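# Observations on chain architecture
Take a look at the letters that make up each chain.
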Amino acid sequence: MVLSGLYPDSGQCPFTNALLNNVLYGLNLAFPVINWTLLIERLSALVALFAAVLVLLRSAPAAVSLTVIGFLSFLIYPLCTVSANFTVVGALCVFSGEMLIAYAVYRGRPLPACGGVALTALGFMWRSSVFLLSLPFLLVALAALALSAARSRAAAGRKLVVHVGASVALVLAVTGSLFLYNQAVWTEPELASWQQYSHARSQLCDYPVKPYDDIASELDGLGVSENDYWCMTHWITGDPDFFTAERLQAVADVAAEDKGATMVRALKDEARALLSDRIALLAALVLVGVVVGLRGGRRVFGWLVLSGAVCFTACVYFRWTGRFPIRVEYPAWMFSLMPAIVCLLASPSSPALPPQSGRSVGKRNPCGRRSTSATALGAVALSLALGILAVWYGPTMNMRALEQFQQESQFADSRPLVTAFRDAGGVSVWDPLAFAFAEQELRYRSLPPRSFMEHTAFAGGWTTGSELKARHDEEIGAANPLRSLVKRRDVRFVTSKRETIERVRCYLEEHCGARVESFVDLEIPVDPQKPGGESKMLYAVSFRQIGTGD
C-alpha cells in the first residue's frame, strides 16, 4: 500500500531497497491504473523460476533437476504468487541468480553471469536479508566447484578460482552499492526517525520479551503501566504523544528476553517443527536427498548433508532469537540445496559438460536400475507437486484474477468487508493484527480501494512512526488514532479479540483521565464456519467518556 500511492507522499518502504522503491512508486504514480508493485513482483518470481529451471535442466541429471524443480514449484513458488510474499520472491531471485552465476563461471560464459548478477541484485532489492542468508551456501557451493575442477585439471582449476573470485567480487560490489544507496536515502531526517521508531517497536512486537512482573519496577520508572506494556507488545502503539521512539526503545532495553538458557529449547522446537508442522518440507528434503544419493554419488550427497547440517544449525539459531517465520525458513532450506546442485556441474555426468579427457563417463555416471529409479522418482515428484498445485489453486486462476494487477478493481471494491466499513462512514481504527482479515478478503494481492482507505487508520503497525502515516491520519481527521476514539463519535475501533477491546478501553481511561465505556456497534463474521460451530468475528467498537459532559 505504501508504494502504490495510497498514502500521501510515501515512496519508501523499510523492507525493500530504496532504488526499487523509487522505481515502483514512480510507476504507480505515472500509470496509476496498474498495480505495478504486484506486477513486477510476479514477473520477478516468474523470471527467477524460469532461470532456475533452465540451470537445473542444463547442469544436473534429469532425476535431480526434476526433483528440485518439484521442490521449488510446490514449496517456494506458491509463496511468491498465492501468498504474494516479497521476501520469498527475493529469495527465489537470489537462488536463481547465484545458480546462474555458478553455471556461467564453470562454463566460462559472461552473458549468463551478467544475468545471474542482475537476478541476485533484484533479489537483494526485494529483501537484502535473504541475500545475506544465502551467502554461506553460495560460498560453499563455489568452493566445491573450484575444488572439483582443481582436482581434475590444475590449470583449469586455477583459472576457475580466478573466475569464482571475480564473480563474488562483482556480486558484492553491486549489492554493496545498492546497500550504500539505501543507507544514504534513509539518512534523511524524516526517514531516519521512522527507522528508529520501527527498530524499537520491532524489538517489542516481533521478539520474545520478559513478563511484566519481572520488570515492573523498571517500567514504573519509565511511566509505563502493565496495560501500556501489553499494548506495546501487541502492536497497539497508535498514540504518537505517548508511544515515542525514545520510550519504546527504553522499554525494549529492559524487556529483552535473556536467551542464554533457550538454545536447547530452540533445538527441540526446530526438530519438532520439522517432524510435525513442516512435514511436507521434511518429506521434500528427504526425497531430494534420496534422488541425489542415487544419482549424484557419495561426494555430491556429502555436500548436501553438510549443507543441510549448516541450514539446520541456522534454523536453530533463528528459533533461538525468537523469530523464525515461514518466509525465512523455506528459503533457508532452498539455499541449502545449492552446494549439491553446483557440485553436479563439475561431474562428467552433467548434461552441461562433455566428458573430460582420460576419464570414463561410465565410472561417474550411475546407470541401469539406480539411474532409472532416480529419474522415475524425480518425474513422479514433479508430477505430484504440479498435480496438487493444480487441484488447490487451479479454480482460482481465471480471467477475473487479472483484476489484481489493477489498482482499483471491481473485485476489491465489492468485498463485503470493504463495503461494510466504507459505507459505515466515519473512521475505522484497525487493530493491525485484525487487518489481516481484510488482506485475506482481498486474497493478499488486490489493493484496498482508495474509498476504503479514506475511512481507515491503524492503531499501530510497521508504518507507525512514519511521516506518511502521520499525514494520512491527519487528512482523515485522526491525527492521534487511539485518542480520537474518545474525541470523535464517528471513530470506531476494529479488532477480532475482545481482550484487545478491554485493553484499549483501559488505555483510554489511563491516558484521558476519565472513565471510558465500550460499545460493540458491529459484529462481522470473517472466517468460514468451523466444524465446532465457531466463526471468527470482527468487532467494530465505539468508546465513550463517562462523566465529562460529552
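Overview of the structure. Per chain, residues are indexed from 1 in the order of the written sequence. Predicted model: local features are reported for residues with pLDDT of at least 70 only, side-chain atom pairs are reported and counted for 80 or more only, and whole-chain, interface and lining totals are derived from all residues. Calculation of side-chain values draws on the structure's entire complement of heavy atoms; hydrogens and water are dropped beforehand.

### Considering the overall build of the protein chain
Each helix is a run of H or I in the DSSP string that is no shorter than four residues. Each strand is a run of E no shorter than two, and both are numbered from the N terminus. Secondary structure summary: the protein chain contains 24 helices and five strands in total. The burial tally for the protein chain puts 51% of its 550 residues in the buried class. By definition in these notes, contact holds between two residues if any of their heavy atoms fall within 4.5 Å. Long-range pairs, those at least 24 residues apart, make up 74% of the contacts in the protein chain between residues at least 6 apart in sequence. When the accessible surface of the protein chain is totalled, it reaches about 24200 Å², and 61% of it is carbon and sulfur. The buried label applies to any residue whose accessible area, calculated with a 1.4 Å probe on protein chains only, is under 20% of its type's maximum; exposed applies above 50%, and partly exposed to all values in between. All accessible-area figures derive from a Shrake-Rupley calculation using a 1.4 Å probe, and residue coverage is judged against the displayed protein chains alone.

### A closer look at helix α22 (residues 467-475)
What α22 keeps buried is the set Leu-468, Lys-469, His-472 and Asp-473. Take α22 and look down its axis: the buried residues cluster within an arc of 130°, on one side only. Away from the buried face of α22 by more than 90 degrees, exposed residues Glu-474 and Glu-475 are located. Close packing links the buried residues of α22 with α8 (189-205), α21 (450-453) and β2 (456-458). Throughout, the arc means that of the directions going from the helix axis to the C-beta atoms.

### Brief notes about the nonpolar core
The tendency in soluble globular proteins is for nonpolar side chains to be buried as a group. To define a nonpolar core, start from buried Ala, Val, Leu, Ile, Met, Phe, Trp, Tyr and Cys residues and group those joined through side-chain atoms within 4.5 Å. With 83 residues, the main nonpolar core has Phe-71, Leu-72, Ile-76, Leu-92, Phe-95, Met-334 and Phe-335 as its most contacted residues. Take this core: its biggest share by element is 14 residues, from helix α4 (residues 86-107). Not counting residues up to four positions away in its chain, the partners in contact with Met-334 are Phe-71, Leu-72, Ile-76, Ala-91, Leu-92 and Phe-95. If you look at the next biggest cluster of nonpolar residues, it comprises 37 residues, including Cys-231, Met-232, Val-251 and Val-516.

### Digging into the environment of Ser-383
Note on placement: Ser-383 falls in helix α17 (residues 368-393). According to the relative accessible area criterion, Ser-383 is partly exposed, its value standing at 49%. Note: C-alpha distance between Ser-383 and Thr-67 (316 residues apart in sequence) is 9.6 Å.

### Focus: the side chain of Ser-428
Locating Ser-428 in the fold gives a position in strand β1 (residues 427-430). Taking relative accessible area as the criterion, Ser-428 reaches 1% and is therefore assigned buried.

### Some thoughts on the sheet that holds strand β4 (residues 515-525)
Two strands pair if DSSP finds at least two bridges between them. Strand order in this open sheet of five strands is β2-β1-β3-β5-β4, and the pairing throughout is mixed. Since the sheet does not close on itself, it has two edges, and those belong to β2 and β4, each with one partner. The mean inter-strand angle of the sheet, taken between neighbouring strand axes irrespective of direction, is 30°. Pairing of β1 with strand β3 (residues 491-495) involves four bridges; the strand directions are parallel. Paired with Val-429 across the strands is Phe-493, a residue of β3. Helix axes are fitted only over the stretch in contact, all axes being lines through C-alpha atoms; the angle between N-to-C directions runs from 0 to 180 degrees. Sheet strands touched by helix α24 (residues 498-512): β3, β4 and β5 (537-546). Its angle to β4, the strand with the most contacts, is close to 155°.

### Comments concerning the pairing of β1
Every regular strand shows the same layout, with side chains that alternate between the two sheet faces. The alternating pattern of β1 places Val-427 and Val-429 on one face and Ser-428 and Trp-430 on the opposite face, and all of these are buried. As judged from the three bridges shared by β1 and β2, these two strands associate in the parallel manner. The residue of β2 that forms the bridge with Trp-430 is Phe-458.

### Looking at the pattern of salt bridges
We define a salt bridge as a side-chain nitrogen of Lys or Arg found within 4 Å of a carboxyl oxygen belonging to Asp or Glu. With the rule as written, the count across this model stands at 16 salt bridges. Residues Arg-471 and Glu-190 are paired through a salt bridge, measuring 3.5 Å at the closest nitrogen-oxygen approach. On the criterion of sequence distance, the pair formed by Arg-471 in helix α22 and Glu-190 in helix α8 is long-range, its members being 281 residues apart. Judged by relative accessible area, which is 37%, Glu-190 ranks as partly exposed.

### A short note on helix α14 (residues 326-336)
Taken across its 11 residues, α14 has eight buried, putting it largely inside the fold. For α14, the complete set of buried residues consists of Glu-329, Tyr-330, Pro-331, Ala-332, Trp-333, Met-334, Phe-335 and Ser-336.

Coordinates in, geometry out; function isn't part of it.
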